Amino acid sequence: MDIFELRKPQITRRDFIKAASAALVLLGLSQALTPKVVKALEKSAGKPAVIWLEGQDCAGCVESFLNSLEPDAVSILLDTISLRYNETAMAASGHQAEDALAKTVEEGGYILVIEGAIPLAEDGLFCTIGGKPFKDIVHECASNAAAIICVGSCATYGGIPRSGPTDAVGYLYRGTQKHHYFDDVGEKPVINLPTCPLHCERLVAVIIHYLTFSTVPELDEFQRPLAFYGENQHENCERRGHFDAGRFLTDWGDPEQQGWCLYLKGCKGPWANQDCWKRLWNNRTNYCIQANHPCVACSEPEFYESVSPMYERQFDVEFPGIGRVDIDKIMLTIGGAVAAGIGLDMAVSKITGDWKDNGETNANKEGKES
Ligand code: SF4
């Protein structure tokens, strides 16, 4: 039974068309494809089955999904798929729930959503459900799935649990490292939707894309849809003008500094590739930087260890086409650059140019020191 049966709203054809159109906008596809999406969704109404597993996590991703107030896309998704198993939301429990899971796995052809990291230490005993290690449950469910969608930073790269003692990994990655623990489930589409937590719209759009075209959207090297992870936060940040002008917030209480760049407060925006800056969160209210919080780059494989401590600035910053640059050198140059009326990028180019002239880039300098 579909666990959302009781809360399903009545979907009219008008709602269908509106939702199909919204999904295309999410994916950055042409509105001309709306009839095709509508047809695919109508045809697949009530199917396919979706299994949503939760491993070592805080349940924040499923909470994010359930709290979404985007009625069009979510309603259409709930009316289109049959969510057979999810520990946080399902009414069933115990043997009833486990039987529903086993039956769906036996039937095969479902979409598997994985939330939470997969602990491998102690043969997976740090996370067991119904007496079974989560790693074995994932493996069983993955083997008969038509497609696998990893939601949130934990399921994609190990996330915060990767920093603990459980040897937690994502489904395909352990940080930036591809691991092969689950390789024997064969060649099937695996889509990663990192961030902490999941952004519901990205999941809805990927499922609708799959139902419509029977393919996954174009992915980057970490299996992330380019439509959502193809652009850089720092390049598109509304505070970028302050960064370029060297106006960095240092005192949260200073009214004059409100809206200034959060780099010195630990912002990892230069490392973060996502579209939070235009998609927004909390039902399009705002996102981290708009809420005066540094970006923590939760879309990236290095999250959480490499972006920690969260509220401290990083040592250097990557400039496209230039490379990694020592932030202290930038800070020293800012005053002169601003006074001379030249942009920070030009100042940075000068710094790196000086290094290259000396035959010493930041990278090989670090190499010499180590
Ligand atoms: Fe925006 Fe952060 Fe870049 Fe500053 S460092 S411009 S706050 S992304």
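Reading the values: the criteria
Residues numbered from 1 in each chain as written. Predicted model: local features only at pLDDT ≥ 70, side-chain atom pairs only at ≥ 80, totals over all residues. Heavy atoms only, no water. Helix = DSSP H or I, 4+ residues; strand = E, 2+ residues; numbered from the N terminus. Buried < 20%, exposed > 50% of the residue type's maximum accessible area, 1.4 Å probe, protein only. Contact = heavy atoms within 4.5 Å. Areas by Shrake-Rupley, 256 points an atom, 1.4 Å probe, with all protein chains shown as cover. Near = heavy atom within 4 Å. 1 Å grid on protein atoms, 1.4 Å probe; cavity = no way out; pocket = protein on both sides within 12 Å on 5 of 7 lines; lining within 4 Å. Sits in = over half its atoms within 2 Å of the grid points. Nonpolar A, V, L, I, M, F, W, Y, C, P; charged D, E, K, R; others polar. Pairing = 2+ DSSP bridges. Axes fitted to C-alpha atoms, helices over the stretch in contact; angles between N-to-C directions. pLDDT = per-residue confidence, 0-100.

Caption draft 1: Highlighting the overall build of the protein chain. Of the regular secondary structure elements, the protein chain holds 15 helices and 13 strands. The buried share of the protein chain, reckoned over its 370 residues, is 50%. Partitioning the intrachain contacts of the protein chain with sequence separation of at least 6 by distance along the chain shows that 69% fall at a separation of at least 24. Total accessible area computed for the protein chain in this model is approximately 16800 Å², and 53% of it derives from carbon and sulfur atoms.

Caption draft 2: The arrangement of the site of the ligand in detail. Around the ligand, the surrounding shell holds 13 residues, and the nearest of these are His234, Cys237, Cys261, Leu262 and Cys267. A majority-of-atoms criterion places the ligand in the largest cavity. Sorting the residues of the shell around the ligand by element identifies helix H10 (233–236) and helix H11 (240–245) as the ones contributing at least two each. Counted by class, the shell around the ligand contains eight nonpolar, three polar and two charged residues.

Caption draft 3: Seen up close, the sheet that holds strand S7 (residues 147–151). With parallel pairing, five strands are arranged side by side in an open sheet as S2-S1-S3-S7-S11. Only two strands of the sheet have a single partner each, and these edge strands are strand S2 (82–86) and strand S11 (190–193). Each adjacent strand pair in this sheet contributes to an overall mean axis angle of 20°, direction not counted. Looking at chain direction, strand S1 (residues 49–54) and S2 are connected through four bridges and run parallel. Residue pairing for S2: Ala49 is matched across the bridge by Ser82. Strands S1, strand S3 (111–115) and S7 of the sheet are contacted by helix H6 (residues 134–143), whose axis makes an angle of about 160° with S3. Sitting on the sheet, helix H8 (residues 200–213) touches S1, S3, S7 and S11, and the angle it makes with S7 is about 170°.

Caption draft 4: The arrangement of the confidence of the model for the protein chain in detail. Across the protein chain, pLDDT averages 79, with 72% of residues at or above 70. Here residues 1–9 scores under 50 on pLDDT; set against residues more than four positions off or in separate chains, the count is 19 contacts. Across residues 338–342 the pLDDT falls below 50, and counting only partners more than four positions away or on other chains, this stretch makes three contacts in the model.

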